[in-house]
Amino acid sequence: MRTYQKGKITDSAVSEAVGFILIFGIMLSGIGLITLYGYPMLLQEQQNTNIRNMERNMIVLQSDVNSLVFKSVPYKETTMQVSGGVLSVKSPGSASSTFKISNSTGQLLEVVPAGTFSSGELHFLSDSGDINLGLENGAVVKQQAGGSVMLSEPRWFTDTSSGDTLVITLIQVDDSGSSLAKTGIITVRMSIEPLNISAGTDHVPFTDDDTNIIDDDTPNQDIQIQIAQSSSEKYYKAWQNYFEGTLGMTSVGSDTWKRTGVDRVIIKAWKIKVI
């Protein structure tokens, strides 16, 4: 009888040990699955949330730029949360986006080197390094593996009510000599000034007659816009879709688009200083 009781007690202890090992193994398996699949998904969702937040921030900054350019507001500042990456300013010399505008007589932008307008950029790079957001030349653009897309278009437009008028607003972003490369809660302060692109009526660059406005009413002209080559321009596809889809231009090369029958072209240029 005693032997039976001892055996019974021993069997119960073994059962409890086996049960504990099974439950502990299930718990470890669950933790392992969560670590393997769940945690990366949480990190990815957090990154997606940060990117969506920065997309909204860029559109807010675009609204500020539009207020400076189109509403004669001299100064704007916006406080925002930057997370999941770094917001910085790329000066015109370091940014890859460049624009050339010409007609049948040659380059229209006279008071810029080689007729090339460098836009500069307010630039956000994600922590993973695979997503870029930019505010350049008045547009909010996004680039990631596979191409780029324009999230919010610039205020360029065509008017065909009386002839064909093409209106282009060039907006250059510059860091005014101070660097901005920050994360967390930051305040972006911006001011505006005219950017000379025309040599004026005397057509002599860098004189007192220079102006930031070009108004050419030569009828039935062809206007061409050229941007940086696709190999160096990370937002190439976004601008291509904008030129061909919104402005109705035709591709005449890997980096050039043309609009025919333009009776008047108006170009204004401004510099936004991030201070």
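What counts, and where the lines are drawn
Residues numbered from 1 in each chain as written. Predicted model: local features only at pLDDT ≥ 70, side-chain atom pairs only at ≥ 80, totals over all residues. Heavy atoms only, no water. Helix = DSSP H or I, 4+ residues; strand = E, 2+ residues; numbered from the N terminus. Buried < 20%, exposed > 50% of the residue type's maximum accessible area, 1.4 Å probe, protein only. Contact = heavy atoms within 4.5 Å. Areas by Shrake-Rupley, 256 points an atom, 1.4 Å probe, with all protein chains shown as cover. Polar contact = N/O pair within 3.5 Å; in protein donor to acceptor, adjacent residues only side chain to side chain. Salt bridge = Lys/Arg side-chain N within 4 Å of Asp/Glu carboxyl O. Pairing = 2+ DSSP bridges. Core = buried A, V, L, I, M, F, W, Y, C linked by side-chain atoms within 4.5 Å. Patch = residues over 30% accessible without salt bridge, like charges linked within 9 Å, V, L, I, M, F, W, Y side chains within 5 Å.

A. A look at the overall build of the protein. Looking only at helices and strands, the protein has two helices and 16 strands in total. Sorting the 275 residues of the protein into buried and exposed places 43% on the buried side. By sequence separation, contacts in the protein at least 24 residues apart represent 72% of the contacts at least 6 residues apart. As displayed, the protein offers around 14,400 Å² of accessible surface, 55% of which is attributable to carbon and sulfur atoms.

B. The arrangement of the side chain of N137 in detail. Looking at where N137 falls in the secondary structure, it is placed in the loop between β6 (131-136) and β7 (139-144). The exposure class of N137 is buried, given its relative accessible area of 1%. In this structure the side chain of N137 is engaged in a polar contact, spanning 2.9 Å, whose partner is the backbone nitrogen of I171. If we ignore the near neighbours within four places in the chain, the residues touching N137 are F99, F117, S119, P154, W156, T169, L170, I171 and W239.

C. Representation of the pattern of salt bridges within the structure. Considering all chains together, one arrives at seven salt bridges under this definition. The residue R189 makes a salt bridge to E77 at a minimum N-O spacing of 3.5 Å. Within this pair, whereas R189 is found in strand β11 (residues 181-194), its partner E77 is found in strand β1 (residues 75-90), the two being separated by 112 residues in sequence. Residue class for E77 comes out partly exposed when judged on its relative accessible area of 44%.

D. Representation of the pairing of β7. Among the six residues that make up β7, five are buried, leaving the element largely enclosed by the rest of the structure. Two strands pair when backbone bridges link them, and β6 and β7 are joined in this way by six bridges, in the antiparallel orientation. Bridging across to β7, G134 finds its partner in V141. In this antiparallel pair of consecutive strands, β6 and β7, the connection spans two residues, and N137 shows a positive phi of 50°. Where β7 meets strand β8 (residues 147-152), five bridges bridge the pair, whose relative direction is antiparallel. Bridging from a neighbouring strand, Q144 pairs with G147 of β8. With antiparallel pairing between neighbouring strands as the criterion, β7 and β8 make up a hairpin whose turn holds two residues, including G146 at a positive phi of roughly 105°.

E. Looking closely at helix α2 (residues 236-246). When we look at burial in α2, the residues that qualify are Y236, A238, W239, Q240, Y242 and F243. Lining the buried residues of α2 we find β2 (98-103), β6, β7, β8, β13 (221-227) and β15 (256-262). Count one or two residues on from α2 and you reach G248, which has phi positive near 65°.

F. Focus on the nonpolar core. In this structure, W156, L170, W239, F243 and I267 are the most contacted members of the largest nonpolar core, which totals 32 residues. At the level of elements, β2, β7, β10 (165-174), β13, α2, β15 and β16 (264-274) are the ones that each hand at least two residues to this core. Among the elements that take part in this core, α2 stands out by supplying five residues, more than any other. Those residues in contact with F243, other than ones at most four positions away along the chain, are F99, W156, I225, I227, G248, M249 and W257. Core analysis: the next-biggest nonpolar cluster, separate from the first, contains 24 residues, V69, V89, L122 and L135 among them.

G. Representation of the environment of F157 in the model. Counting through the fold element by element, F157 comes out in strand β9 (residues 157-159). For F157, a relative accessible area of 45% corresponds to the partly exposed category. Note: C-alpha distance between F157 and L247 (90 residues apart in sequence) is 7.1 Å. Not counting residues up to four positions away in its chain, the partners in contact with F157 are T165, L166 and V167.

H. Spatial organisation of a nonpolar patch on the surface. A cluster of nonpolar side chains, F20, I21, F24, L28 and I31, forms an exposed patch at the surface whose accessible area comes to about 530 Å². Secondary-structure assignment places F24 in helix α1 (residues 2-70).

Note that all results are geometric; they support no functional claim without further evidence.
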